[in-house]
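Read off the chains here:
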Amino acid sequence: MIEVKNIRKGFGDKVVINDVSAVFQTGKCNLIIGTSGSGKTVLMKCLVGLFEPDSGEICYDGQNFSEMSGEQRKELRRSIGMLFQGSALFDSMTVEQNVMFPLDMFTKDSYAEKLKRVNEVLARVNLKDANKKFPAEISGGMKKRVGIARAIVLNPKYLFCDEPNSGLDPQTSLLIDKLIKEITTEFNITTVVNTHDMNSVMEIGDNIIYMYQGLKEWEGSNKEIIFSKSQRLNDFIFASEFLQEAKEMRILEMKGKIDKDGNIK
Amino acid sequence: MSFFTEFGRYLLMLKGMFSRPENGKMYWKEFMHQCSELGIGSLGIVVIISVFMGAVSTLQTAYQLVSPFIPLSTIAQIVRDTVILEFSPTLVCIVLAGVVGSKIASELGNMRVSEQIDALEIMGINTKTYLILPKLLAAIVVIPMLVVISGCLGIWGGRLAGTLTGILSGAAFDKGLHQYFKPYNVFFALAKAYTFAFIISSIPAYYGYYVQGGALEIGRASTRSVVVSCILVLFADYLLAALLLPSAGS
């Protein structure tokens, strides 16, 4: 579990995150959503320690991240996996070398053992016959899956995904979402996903935080979001007329007034 | 950003490089990789520059030494000393500042922009130690070797040009090479080579590591790193000459 208490972060005079508190639960997909510039990426970078918050606390299973020494942080980071928006794969390495890199760096396993583990995680993300390919030779969806494989190869306790669906087609996006959800449940890890993808919100959002101009505007689950009274959240999630109509139909369906085919009862 | 802020950040970057490696074997592998990249990768250009540099030195020295009272072997002495004292360490390092410097700056800049450095940080790896230190050490090991190779090839190029054009015979050149040779000059050349190696690896590493933005900024950082490295090489060249050459300092 990751607990964020009254976190605040600014750059110069501009406050990007203002007094945000939240709890990211273990075994659940915790989503941070919001428009571009709402502070969600900065919040995630504060969570993983790439940015130092100006004030507030971040606790990983009760351990205060801000009070940890350099070595303690290093130790903690070994239990963190992260999928980056652009996948952040090492260009000069093959898929296999990319996934094996954390094992090379932090384990004393033999090459055969490491290769076995690499093949296991690549199979887990449904990626076969790509071991010897370079990142430039594979598609965006495959890169994301390699990124996930690299993030989970050391069995992390915490998984962070920064806009995992950006630049992907809807079908591949759903596959990535499904994969993140499965991995979270299967390994019982704390997953934090930073997204503005509507499908992700509805499919995997066990716990959703909506950020607006650096503030936490709303918090709830994907079941609750549909009934949210926050106008800003509604405008963000159900941005088009089509989505507004779909939302109303869903509400009626949930209230039992129409059947699944949209016929009035 | 002011000069002092940049200089302070540069010093902090250097300080940040010295931490315990997470896995010595991986760091050694990276060091060897960098030695190969910087050394083998620059060998071709160093060979070409050195041979022509020596050859041109011979022709131009012969052109200026018109007095019949000066023996022809003096040409070899002048070529030898200019190649060892100045051309090989300084000229080669200025060229390497372009070749090696732009490579280091753009490689690190690209890693920064594409979040590869962030990915390493999150894994718990000290990126300054893993990415910068091997490059710096490799440059310090390899560049003096390239300077020595350049010196030998420069002198050989000078001899070749002298004999091919008939300015002086091979025997006269060899005689001149051995006359008044000061081993201290080799020490001075190596002192310059080590200093320049540090400059042309750490300055581009600084500009590449702290790049912000996209492809355009990587290009700018790369250009800036080469310009600053070249200026610092020339500045250090003067400083070392003033400090280490006894007659120049007095």
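Not measured: the values here are computed from a predicted model.

Moving on, we come to the overall build of chain A. For chain A, the count of helices and strands is 10 helices and 10 strands. Taken over the C-alpha trace, chain A has a radius of gyration of 20 Å; the compact-globule value for 265 residues is 18 Å, and the two agree within 12%. Expressed as lengths along the three principal axes of its C-alpha atoms, the size of chain A is roughly 65 × 45 × 30 Å. Looking at chain A alone, contacts between residues at least 24 apart form 64% of all its contacts between residues at least 6 apart.

What follows concerns the overall build of chain B. In terms of regular secondary structure, chain B is built from 9 helices and 0 strands. The N-to-C order of helical and strand elements in chain B reads α-α-α-α-α-α-α-α-α. Every one of the 250 residues in chain B was classed for burial, and the buried ones make up 40%. Expressed as a percentage of contacts within chain B between residues at least 6 apart in sequence, the contacts between residues at least 24 apart total 86%.

Contact with chain B, which involves 13 residues of that partner, is made by 15 residues of chain A. Top element by residues in the side of chain B that touches chain A is helix 4 (residues 116-122) of chain B. It accounts for 5 residues. Its residues placed into classes, the side of chain B that touches chain A shows 5 nonpolar, 4 polar and 4 charged.

Let's shift gears to the pairing of strand 1 (residues 2-11) of chain A. Residue and element names in this part refer to chain A. Where strand 1 lies against strand 2 (residues 14-24), 7 bridges are found, and the strand directions are antiparallel. Bridging across to strand 2, Glu3 finds its partner in Val23. Turn length for the strand 1-strand 2 hairpin, with the two strands adjacent in sequence and antiparallel, is 2 residues, and the turn residue Gly12 shows positive phi of about 65°. Relative to strand 4 (residues 55-60), strand 1 runs antiparallel, the two sharing 5 bridges. Note on strand 4: the bridge partner recorded for Glu3 is Cys59.

Residues and elements named next belong to chain A. Examined against the element boundaries, Met44 turns out to sit in helix 1 (residues 40-48). Judged by local crowding, Met44 falls into the buried class, with 20 C-beta atoms found within 10 Å. Counting along the chain gives 207 residues from Met44 to Ile251, while the straight-line C-alpha distance between them is 32 Å. Not counting residues within four places of it along the chain, the set of residues in contact with Met44 comprises Ile32, Phe160, Asp162, Val192 and Asn194.

With that settled, consider the sheet that holds strand 10 (residues 215-220) of chain A. Residue and element names in this part refer to chain A. Taken in spatial order, the 6 strands of this open sheet run 6-7-8-3-9-10, and their pairing is mixed. Each having just a single partner strand, strand 6 (80-83) and strand 10 make up the two edges of the open sheet. Each neighbouring strand pair of the sheet contributes to a mean axis angle of 15°, computed without reference to strand direction. With 5 bridges connecting them, strand 3 (residues 29-34) and strand 9 (residues 207-212) associate as parallel partners. Paired with Ile32 across the two strands is Ile209, which belongs to strand 9.

What follows deals with the packing of helix 3 (residues 73-113) of chain B against helix 7 (residues 183-209) of chain B. Residues and elements named next belong to chain B. Relative to each other, helix 3 and helix 7 sit at 20°, their axes nearing to 8 Å. On the basis of their axis angle, the class for helix 3 and helix 7 is roughly parallel. As for how helix 3 packs across helix 7, the hand of that crossing is right-handed.

Bringing the sheet that holds strand 5 (residues 63-64) of chain A into the picture now. Residue and element names in this part refer to chain A. Read across the sheet, 4 strands follow the order 2-1-4-5 without closing on themselves; strand pairing throughout is antiparallel. This sheet does not close on itself; its edge strands, each paired only once, are strand 2 and strand 5. Strands in contact with helix 1 are strand 1, strand 2 and strand 4; relative to strand 2, the strand with the most contacts, it is inclined by about 60°.

Residue and element names in this part refer to chain B. Between its first and last C-alpha atoms helix 5 (residues 127-165) spans 54 Å; for 39 residues at 1.5 Å apiece the expected length is 57 Å, and the two agree. At Leu133, helix 5 shows its largest bend, some 30°, and a proline, Pro134, comes one to four positions later. Looking one or two residues past helix 5, Gly166 carries a phi angle of roughly 80°, positive in sign.

Residue and element names in this part refer to chain B. Averaged over chain B, the pLDDT score is 93; the fraction of residues at 70 or greater is 98%. Per-residue pLDDT, averaged within each element of chain B, yields its smallest value for helix 9 (residues 246-249) (62) and its largest for helix 7 (96). Scoring of the predicted complex yields 0.86 for pTM and 0.84 for ipTM.

Turning next to the environment of Leu85(B). Residue and element names in this part refer to chain B. Secondary-structure assignment places Leu85 in helix 3. The sequence separation of Leu85 and Ala189 amounts to 104 residues, and the corresponding C-alpha distance is 5.6 Å. In contact with Leu85, other than residues within four places in its own chain, are Asn185, Phe188 and Ala189.

Reading the values: rules and limits
Residues numbered from 1 in each chain as written. Chains lettered and ligands numbered in written order. Predicted model: local features only at pLDDT ≥ 70, side-chain atom pairs only at ≥ 80, totals over all residues. Helix = DSSP H or I, 4+ residues; strand = E, 2+ residues; numbered from the N terminus. Rg over C-alpha atoms; globule rule 2.2 N^0.38 Å. Contact = placed C-beta atoms within 7 Å. Buried ≥ 20, exposed ≤ 12 C-beta atoms within 10 Å, placed from the backbone. Nonpolar A, V, L, I, M, F, W, Y, C, P; charged D, E, K, R; others polar. Pairing = 2+ DSSP bridges. Axes fitted to C-alpha atoms, helices over the stretch in contact; angles between N-to-C directions. Parallel < 35°, antiparallel > 145°, perpendicular 65-115°, else oblique. Left-handed = near helix turned anticlockwise from the far one by under 90°. Expected span 1.5 Å × (residues − 1). Bend = angle between axes of the 7 residues up to and from the residue. pLDDT = per-residue confidence, 0-100.

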